[in-house]
Amino acid sequence: MDEQTPGTPSDAPAPQGPTLFDWEFATDPYPAYAWLREHSPVHRTRLPSGVEAWLVTRYADARQALADQRLSKNPAHHAEPAHAKGKTGIPGERKAELMTHLLNIDPPDHTRLRRLVSKAFTPRRVAEFTLRVQELTDHLIDGFAAKGEADLIHEFAFPLPIYAICEMLGVPREDQDDFRDWAGMMIRHGGGPRGGVARSVKQMRTYLGELIHRKRDDLGNDLISDLIRASDHGDHLTEAEATAMAFILLFAGFETTVNLIGNGVHSLFMNPDQRALLQDSLAAGESALLATGIEELLRYDGPVELATWRFATEPLTLGGQEVAAGDPVLVVLAAADRDPGRFADPDTLDLSRTDNQHLGYGHGIHYCLGAPLARLEGQTALATLLTRLPDLELAIPPQELRWRGGLIMRGLRTLPVRFTPRNT
C-alpha cells in the first residue's frame, strides 16, 4: 500500500501536473519531466496537435518501450486517422510518398531494409570521412573567424551536417545549397510560410528520385550509389525505397547534429568548469575527455527530446498503465536520460562520466544508423571551436535565448556568440 501523508485522506485528488509543450516548457522542460517521473511516469496527455498519446519518462520503462515489438513504428496501427492528417510523423512525408523508410516500418521489412542500408552506412565509410568533416568545419569557421561574432546555429551548426550528409549521399556541390534551403524550411517547425515544409519535402523527394535515377547509369563512391548497389541474396532496394531511405538519412542526419552542436556549446557555456576541463584536455592533445564528453552532452541536453512515434498493436501494460491497442506512445528520451534511478547526479554535467548508457540515439532495432557520423561531427565541431576560438562566449544573456518549438527535436533557434577576431 502506498504511504499517505499524515492527515491526507486516501481519496485526495492527485497533485496538479505541470503545463507541457508551451514556450516556457520548451526553454527548460527538465523540471516538468522530473515531476512526471515522480508522479506520473507513463502519462497520458493531449499534444498541441490534438492527438492523445502516452509519455514514457523513466529510464527502465523507456528502454522497455524502445525494444518492445508490440509498439509498432507503422502508423497504420494508430487507432485514429491522425497520420493521414499530418498530425504524426514527419510533415509532408505521406503526400510526398516517402513512407517506406526505417522510422515507419517493422520487421520483417525493417530487418531487410536495415540490413541493406547497413552495407552502405558502415563505420569504415564514416572513418574515411573524418578528414572531410574537419575540412568542412574549418571552412565554416574561416567564414566568420575574422568578424569576432557569429550566430553559431545558422553559420556553423546548421550548414556543417547539411554539407556533410550531402557529400556522403553524393549530391553534387552545385546542388547542395538547394538542400540547405529545403532543410532550413523543415527545421523551422511551422515558423515559415504556410505549407512551406510540405513543399520542401516534396522538392527534396523529387530531386532525390531524379538523382537516384541518374546514378543508376553512373555509380560513384557515395552513399546513394551504395544504396543502389546494396543487395542481399538478390534482394534489392526499389527506387521508391532508395529515395525514402536517402530522404530519412538526410532528414534524421542533419537536425540531430545541428542540435547536438548547438545544445552542446550552450551546455558548456552554462558549465564553465567543465568547459575549462575540456579545453585543457584538448590543449594537451588528449582525446579521452572529448569522447566521454560528447556522450555526456547527448545525455544531459541531447538533440532528440522524444523518440519518434510508436503505436500499440495490442493492449499492454507499461509502467503500471494499461495502454490500449492503437494508442500512440512517445518515449521521452530527455526525461529518461535524467532519471536519478539510473544516473548519479543526473542534473549535473560531468564530461568524464563513464557509466553513461544514455538513450540519446535510441535503443533496440531502431538504434540510429547515423550515430557514428553524428558523433564524428559533434566531436570535430566542439574540439575545433574550442581550440580555434578559445575565448568564445555567449553574446546575449542566457534568458534571451529561444528554443525551437516542436515535439521530437530539442534545439536553439539562434546562438549568438562573440570572440577575439582571428585571421584565418
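Residues numbered from 1 in each chain as written. Predicted model: local features only at pLDDT ≥ 70, side-chain atom pairs only at ≥ 80, totals over all residues. Heavy atoms only, no water.

Attention shifts here to the sheet that holds strand β4 (residues 149-151). The sheet built from three strands is open, its strands ordered β4-β12-β11 with antiparallel pairing. Two strands in the sheet have a free side with no partner beyond their single neighbour: β4 and β11 (393-394). As paired strands, β4 and strand β12 (residues 416-418) are joined by three bridges and run antiparallel to one another. Paired with Asp151 across the strands is Pro416, a residue of β12. (Pairing = 2+ DSSP bridges. Helix = DSSP H or I, 4+ residues; strand = E, 2+ residues; numbered from the N terminus.)

Let's shift gears to the side chain of Gln176. Here Gln176 is to be found in helix α9 (residues 176-187). If we ignore the near neighbours within four places in the chain, the residues touching Gln176 are Tyr163, Cys166, Glu167 and Val171. (Contact = heavy atoms within 4.5 Å.)

Moving on, we come to the pattern of salt bridges. Scanning the entire structure with this criterion turns up 22 salt bridges. As a salt-bridge pair, Glu167 and Arg173 come within 3.4 Å of each other at their nearest N and O atoms. Given a relative accessible area of 18%, Glu167 falls into the buried group. A residue is classified by how much of its surface remains accessible, and Arg173, at 56% relative accessible area, is exposed. Between Asp301 and Arg410 there is a salt bridge whose closest N-O contact spans 2.7 Å. (Salt bridge = Lys/Arg side-chain N within 4 Å of Asp/Glu carboxyl O. Buried < 20%, exposed > 50% of the residue type's maximum accessible area, 1.4 Å probe, protein only.)

Quick look at the confidence of the model for the chain now. Of all residues in the chain, 85% attain a pLDDT of 70 or more, and the chain-wide mean is 85. Note that pLDDT drops below 50 for residues 1-13; the model gives that stretch two contacts with residues more than four away or on any other chain. Low pLDDT, under 50, characterises residues 82-86; the stretch is placed with 10 contacts to residues that sit more than four places away or in other chains. (pLDDT = per-residue confidence, 0-100.)

Turning our attention to the environment of Phe158. Locating Phe158 in the fold gives a position in the loop between α7 (152-157) and α8 (159-169). As for Phe158 and Val258, which are separated by 100 residues in sequence, their C-alpha atoms are 5.1 Å apart. Look past the residues within four positions of Phe158 in its chain and what remains in contact with it is Ile153, Arg180, Ala183, Gly184, Ile187, Phe254 and Val258.

This part covers the sheet that holds strand β2 (residues 52-56). Strand order in the open sheet formed by five strands is β1-β2-β10-β7-β3, with mixed pairing between adjacent strands. One side of each edge strand has no neighbouring strand; the edge strands of this open sheet are β1 (42-46) and β3 (71-72). Strand direction decides the pairing type here: strand β7 (residues 310-312) and strand β10 (residues 328-331), joined by two bridges, are antiparallel. Among the inter-strand pairings, Phe311 is bridged to a residue of β10, identified as Pro328. Contacts between helix α3 (residues 59-67) and the sheet are confined to β1, β2, β3, β7 and β10, with β10 contributing the most and set at about 125° to the helix. (Axes fitted to C-alpha atoms, helices over the stretch in contact; angles between N-to-C directions.)

With that settled, consider the packing of aromatic side chains. Applying the stated rule across the entire model yields 10 aromatic pairs. A centroid spacing of 6.3 Å and a plane angle of 85° characterise the contact between Phe144 and Phe156, whose relative ring orientation is edge-to-face. Here Phe156 lies in helix α7 and Phe144 lies in the loop between α6 (130-142) and β4, a separation of 12 residues in the sequence. Its relative accessible area of 1% is what places Phe144 among the buried residues. (Phe/Tyr/Trp six-rings, centres within 6.5 Å; stacked < 30°, edge-to-face > 60°.)

On to helix α13 (residues 272-283), then. Working note: α-helix, 3.6 residues per turn, so residues spaced by three or four point in the same direction. Given a rise of 1.5 Å per residue, 12 residues ought to cover 16 Å, and the 16 Å separating the end C-alpha atoms of α13 matches this to within 8%. Taken residue by residue, α13 has Gln274, Arg275, Leu278, Gln279, Ser281 and Leu282 as its buried positions. In a view along the axis of α13, the buried residues occupy a sector of 160°, so they form one face of it. With respect to the buried face of α13, the exposed residues turned more than 90 degrees away are Pro272, Asp280 and Ala283. On its buried face, α13 sits against α12 (239-270), α14 (288-301) and α16 (371-388). (Expected span 1.5 Å × (residues − 1). Arc of directions from axis to C-beta.)

Turning our eyes to something else, we now look at the packing of α14 against α16. Any two packed helices are characterised by the angle at which their axes cross and by the distance between the axes. The N-to-C vectors of α14 and α16 enclose an angle of 110°; their axes lie 10 Å apart at closest approach. Accordingly, the angle class assigned to the pair α14 and α16 is roughly perpendicular. For the pair α14 and α16, the contacting residues are Leu290, Ala291, Ile294, Glu295, Leu297 and Leu298 in the first and Arg375, Gly378, Gln379, Leu382 and Ala383 in the second. For the contact of α14 with α16, the per-class residue count stands at seven nonpolar, two polar and two charged. (Parallel < 35°, antiparallel > 145°, perpendicular 65-115°, else oblique. Nonpolar A, V, L, I, M, F, W, Y, C, P; charged D, E, K, R; others polar.)

Our next topic: the side chain of Arg353. Here Arg353 is to be found in the loop between α15 (333-336) and α16. A distance of 2.8 Å separates a polar side-chain atom of Arg353 from the backbone oxygen of Ala344. Beyond its immediate chain neighbours, meaning those up to four positions away, Arg353 contacts Thr292, Glu296, Arg299, Phe343, Ala344, Asp345 and Thr348. (Polar contact = N/O pair within 3.5 Å; in protein donor to acceptor, adjacent residues only side chain to side chain.)

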